[in-house]
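Spelled out, the chains give:
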Amino acid sequence: MRNKLNFLLKIKSSCRRISIINFIIRIKVGSAIFSNNYFWLHGRKPFKVNENLFGDNNTLEWNSNSKIGLKISDNFNLESDIYFTSYNAEEDISSGDIIQEESYFDQFLIKSEVRGIADLGIQNKLILGLGYTDESLSRNNFYKNSITQSSVNLFAQFEGFAAKNTNYIIGARYDNYSNYKSQISPRIAFRTKIFKDVFLKSSIGKGFKAPDFRQLYFNFTNSTVGYSVVGHNVVIDVVSELTENNQIANLIVSLDEFDKKLKPESSLSLNLGLNYNPSNQLKLEINLFRNDINDLIDYRVIANKINGQNVFSYFNLNKVYTQGIESTFNFRPNERLNFIKNNNNDKNMIKEILDEAEKLENNSNQLLNYTKIIKDSSLKIKSEIIEQLW
């Protein structure tokens, strides 16, 4: 009977449920009921070994995470974290004496951070910290053989109470990257009790996200289909080589657009919400949000190839904003059953694309104004008795 249950659970986990509303009930051990609006069962043919191909795959991975705490006094503590990780993989596939495909991936990452935590009174706390990150990557499908990047960050945060029922957090973070302009990201948040069981919360802050190595230095061509994906910082070199090899039919975006390096993303976020918690069994939340994003990193077609496929690369959208409203209803009648209802109405708008787009209003390949409204509603009914039975 247990083997049958395990089989049914594996079938369930391999099914893709696209219904917005899902209802799952499991009763006593040995029985299971599944009810969905749609039920998809995916399968594939058994894997057949190609005796003409053989190869090697070697992987070496290790990581270390350590934390040290030191109590200087009753009101001041020091904490230190350091994390190392390394991943190395090499693979080759051969047919006879001919190597069909080779790949390698070698990455090293170190993150360290030191924090000082000071208790300033009963409910006030000050946190000061310093962090350092260093990363290197060497892999195939990159235009450069080895890439490195490091950053230093400083941060400060103060937590306190402005009144008996109002607490706040004020903080800021300074990031200094080796390859980008430094960035300061401040944030302010507060939460206050306005009525019995009703809480108002709000926050405003700036964010920062640096491009990853793939968006900068990728140089990949799908050997089966024939399309290519190229990192922004190496587009000029890679597309020039493809042109010399007679693989480019025409350019959609001028190579002059890639003279400047890809910029990091930055954002300004505002949130305003209400929480209603009349009991431990019932929780209601509603949240209004607005995010203004500068230099959002996206991808687009930059050239057409002779084989009919495209060359893609990454670029910055000048200004984008998302705004909307979210609500959550959470009802837990007992410890084993939980009802969660989520609603989301999200509007995305690209306010300004590239400077050149203003000159190409009649070009259908250029996106001048884009609005997308996302409405989502979902109901989840979860019974935690499942974990107690199996």
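Going by the structure above, here's the rest.
To keep things clear, this report deals only with the structure shown in the data block.

**Let's talk about the side chain of Asn291**
For step 1, the next point in the chain: Residue position: Asn291 is located in strand E15 (residues 282-305).
For step 2, the next point in the chain: Leave out the neighbours within four places in its chain, and Asn291 touches Leu268, Ser269, Leu270, Val320, Tyr321 and Thr322.

**Comments concerning the nonpolar core**
For step 1, the next point in the chain: If you look at the biggest cluster of nonpolar residues, it comprises 27 residues, and the most contacted ones within it are Phe142, Phe213, Tyr217, Val230, Val235, Ile302 and Val311.
For step 2, the next point in the chain: Residue contributions to this core peak at 4 residues, all from helix H3 (residues 235-244).

**A look at the side chain of Asp295**
For step 1, the next point in the chain: Looking at the secondary structure, you find Asp295 in strand E15.
For step 2, the next point in the chain: Among buried Asp, Glu, Lys and Arg side chains, Asp295 stands out as unpaired, with Lys263 the closest opposite charge at 4.4 Å.
For step 3, the next point in the chain: When sequence neighbours within four positions are dropped, the list of residues in contact with Asp295 reads Lys263, Pro264, Glu265, Asn316, Leu317 and Asn318.

**A look at the pattern of salt bridges**
For step 1, the next point in the chain: Per the counting criterion, the structure on display carries 7 salt bridges.
For step 2, the next point in the chain: In this structure, Arg115 engages Glu113 in a salt bridge whose closest nitrogen and oxygen atoms are separated by 2.6 Å.
For step 3, the next point in the chain: Assessed through its relative accessible area of 13%, Arg115 is described here as buried.
For step 4, the next point in the chain: The class of Glu113 is partly exposed, set by a relative accessible area of 25%.
For step 5, the next point in the chain: Across the pair Arg173 and Asp175 runs a salt bridge, and its minimum N-O distance is 3.1 Å.
For step 6, the next point in the chain: Of the residues examined, Arg173 reaches a relative accessible area of 34% and is grouped as partly exposed.
For step 7, the next point in the chain: A relative accessible area of 6% means that Asp175 is categorised as buried.
For step 8, the next point in the chain: The network of salt bridges with shared partners includes Glu79, Asp81, Glu113 and Arg115.

Rules used in this analysis
- Residues numbered from 1 in each chain as written.
- Predicted model: local features only at pLDDT ≥ 70, side-chain atom pairs only at ≥ 80, totals over all residues.
- Heavy atoms only, no water.
- Helix = DSSP H or I, 4+ residues; strand = E, 2+ residues; numbered from the N terminus.
- Contact = heavy atoms within 4.5 Å.
- Core = buried A, V, L, I, M, F, W, Y, C linked by side-chain atoms within 4.5 Å.
- Buried < 20%, exposed > 50% of the residue type's maximum accessible area, 1.4 Å probe, protein only.
- Lys, Arg positive; Asp, Glu negative; His and termini not counted.
- Salt bridge = Lys/Arg side-chain N within 4 Å of Asp/Glu carboxyl O.

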